[in-house]
Each structure stands twice: as C-alpha cells, then as structure tokens.
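Descriptive analysis of the structure
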Amino acid sequence: MMHNVKIYAASKPVNPELYDLSRFASLFDQMQNTKRLNVTMLSMAAENQPGKHEWFVVETKHKAEKAVEDALRKAGVKVFLPLETIGETVVRGRIIPAVSRPLLPGYVLVNIVYSPAAVCGIARLEGVAGFVGGMVHPHRVSDEEMNRFKAFGDDETAPDVKHCEQFKRGDKVRFVLGPFASFGGNILKLRKDRAVDGERVATGAVVAVDVFGKVSTIEAPLALLEQL
C-alpha cells in the first residue's frame, strides 16, 4: 500500500545567496555615511565654533524637551531649557511636594553660529520638530532679551496674584518677555495648576499665537504676558 510522502522545505537545499550579506554592503555604507554626515553637521552647531553666536528657538516634540537638551549638551551645543518649580501636585493619587517643568513646554533655546549645516544637524535630532521661523530664516532672540528671560527664570518668588487675576479666557495678549517677546495672541484657556496661600490660582495660560504666519499654541506663565 502506497503512502503519500510530504517533502518539507527544510529538506530542500539552502540557497546561499539569500544569506549573502555582501549584497547589502552599499546599503550599510549609505547608512554609515548618513550617520557620519549627521554628526558632522551637528558639530557645526557646537559652542566652540568661531563666529557670531546667536540665540534661536528650537521646537520639540511632545515632552521631548529634556531629551533634546541632553542630546544637544552631549554634542557640545550651548542650550538653555528654562524650568519652573510649582508647588504640591497630585499625580495618580500620590502627592509630589515640588515639580519642575519646562517654563515654555515644547521649546528649548540654542546659541549657535548660524549655518545651514548647524541648523540641519539640530533639526535631524530625535525629538526636534523644527526651528521657530523656519530653517532658512529662523527667529533670533537678542542677547539682551535672553538676559532678561534668564533673570526671570532665576526668580523663585511667588507669582503676582493680582497680575494673574486680570486675565480671562479670550483676552488678547502680548508677550512682554522671553523668546516670543512682542508676539501677540489670544488666551485659549487658563492654567490653574499652582497653589498660592493654599488655593489653586491660574498663573499660566495656553495662548494661540501668530508666529510668522503660522498659528501655534504656546503654554506660558501669565507673568510673561500683558493685556491688549
């Protein structure tokens, strides 16, 4: 009596060309060249580059500010990530006595000698969304404004409640301090997430701002704003 006999793939001879990695040598070389190019371009943004250093605003992806700051510092780039410390916060039922967070979520500032290579090197970093104003004509922040902004960030005094109480949703406002100084917009909502004298008060806002023809939502302390 005859039986059907199955022939399995494992019994067939293996085609050595399927496992010949030399076929992918050009692809591996291209990947390595791209990696070297990225490193070379990023080195052009390093603090030791000769020339006129200026401040620029880099937009990051959601909650990537710290990772971008760390990557830039590791590459020798002068970077500034302003932070603010808020009071007691409840996170998933746990009370955290003090929390540090970005003063302007979604943004870090870099001090570089502008060049297409330096800008491309930073823009290619993981977590970077781009430059405010674009890569060809990025927005520059003066040294004077940066000094004022850094002094504001170093101030640990409680927020001016009277100043904060004058703002409401829908108000037209303008930035009077920081990298967006002189930019105007509208308050979309108030950020009531800080305790002053035991009570929750709105000390920040989400503002719709026209930044070079593009409307962006920027979270910022009310202390950086004035009503129009």
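What counts and what doesn't
- Residues numbered from 1 in each chain as written.
- Predicted model: local features only at pLDDT ≥ 70, side-chain atom pairs only at ≥ 80, totals over all residues.
- Heavy atoms only, no water.
- Core = buried A, V, L, I, M, F, W, Y, C linked by side-chain atoms within 4.5 Å.
- Buried < 20%, exposed > 50% of the residue type's maximum accessible area, 1.4 Å probe, protein only.
- Helix = DSSP H or I, 4+ residues; strand = E, 2+ residues; numbered from the N terminus.
- Arc of directions from axis to C-beta.
- Salt bridge = Lys/Arg side-chain N within 4 Å of Asp/Glu carboxyl O.
- pLDDT = per-residue confidence, 0-100.
- Contact = heavy atoms within 4.5 Å.
- Pairing = 2+ DSSP bridges.
- Axes fitted to C-alpha atoms, helices over the stretch in contact; angles between N-to-C directions.
- Polar contact = N/O pair within 3.5 Å; in protein donor to acceptor, adjacent residues only side chain to side chain.
- Phe/Tyr/Trp six-rings, centres within 6.5 Å; stacked < 30°, edge-to-face > 60°.

Turning our eyes to something else, we now look at the nonpolar core. Counting 28 residues, the largest nonpolar core has L104, L109, F175, F180 and I218 as its most contacted members. Taken together, the elements giving at least two residues each to this core come down to strand 1 (53-60), strand 7 (107-113), helix 4 (143-154), strand 10 (172-175), strand 14 (204-211) and strand 15 (214-221). V77, V108, I112 and V119 belong to the second-largest nonpolar core, a separate cluster that totals 19 residues.

Next up on the list: helix 2 (residues 65-74). Buried within helix 2 are the following residues: E65, V68, E69 and L72. For helix 2, the angular spread of the buried residues around the axis is 100°, confining them to a single face. Downstream of helix 2 by one or two residues, G76 has phi in the positive range, about 85°.

According to the stated counting rule, one finds eleven salt bridges in the structure shown. The closest approach of N and O atoms between E54 and R140, which form a salt bridge, is 3.1 Å. Taken as a pair, E54 in strand 1 and R140 in strand 9 (residues 140-141) lie far apart in primary sequence, 86 residues in all. We note a salt bridge from E219 to R191, for which the minimum N-O separation is 3.1 Å.

So, about the confidence of the model for the protein chain. Within the protein chain, residue pLDDT values average 84, and 77% of them lie at 70 or more. For residues 5-11, every residue scores under 50 in pLDDT, and the model assigns this stretch zero contacts once sequence neighbours within four places are set aside.

Neighbouring strands of a sheet are bound in pairs by backbone hydrogen bonds; such pairs are parallel or else antiparallel. Spatially, 15-14-11-10-16 is the arrangement adopted by the five strands of the open sheet, whose pairing is antiparallel. Both edges of this open sheet fall to strand 15 and strand 16 (225-227), since each of them pairs with a single strand only. The sheet shows a mean angle of 40° between the axes of neighbouring strands, taken without regard to direction. Pairing of strand 10 with strand 11 (residues 184-191), which is carried by three bridges, proceeds in the antiparallel orientation. Looking at the pairing, R174 lines up with G184 of strand 11.

Attention now moves to unusual backbone geometry. Trans is the common state for peptide bonds, and a negative phi is the common state for residues other than glycine. Even without being a glycine, K63 presents a positive backbone phi close to 60°. One can find K63 in the loop between strand 1 and helix 2. Even without glycine at this site, S182 takes up a positive phi of about 85°.

Moving on to the side chain of R191. Among the secondary structure elements, R191 is positioned in strand 11. Within the structure, R191 has its side chain in polar contact with the side chain of E84 (distance 3.2 Å). Dropping the residues within four chain positions of it, R191 is found in contact with E84, R101, P105, V201, A202, T203, G204, A205, E219, A220 and P221.

Think of a pair of aromatic rings as described by two things: how far the centres are apart, and how the planes are tilted against each other in angle. A complete count under the given rule lists six aromatic pairs for this structure. Summarising the aromatic geometry, the rings of Y107 and F180 are spaced 5.1 Å apart at their centres and angled 75° between planes, so their arrangement reads as edge-to-face. Taken as a pair, Y107 in strand 7 and F180 in the loop between strand 10 and strand 11 lie far apart in primary sequence, 73 residues in all. Residue F180 is classed as buried on the basis of its relative accessible area, which comes to 1%. Through a chain of ring-to-ring contacts, three or more aromatic side chains come together here, namely Y107, F175, F180, F183 and F212.

Take helix 3 (residues 116-123) next. What helix 3 keeps buried is the set A118, V119, G121 and I122. The buried residues of helix 3 all sit within an arc of 160° when viewed along its axis, so they share a single face.

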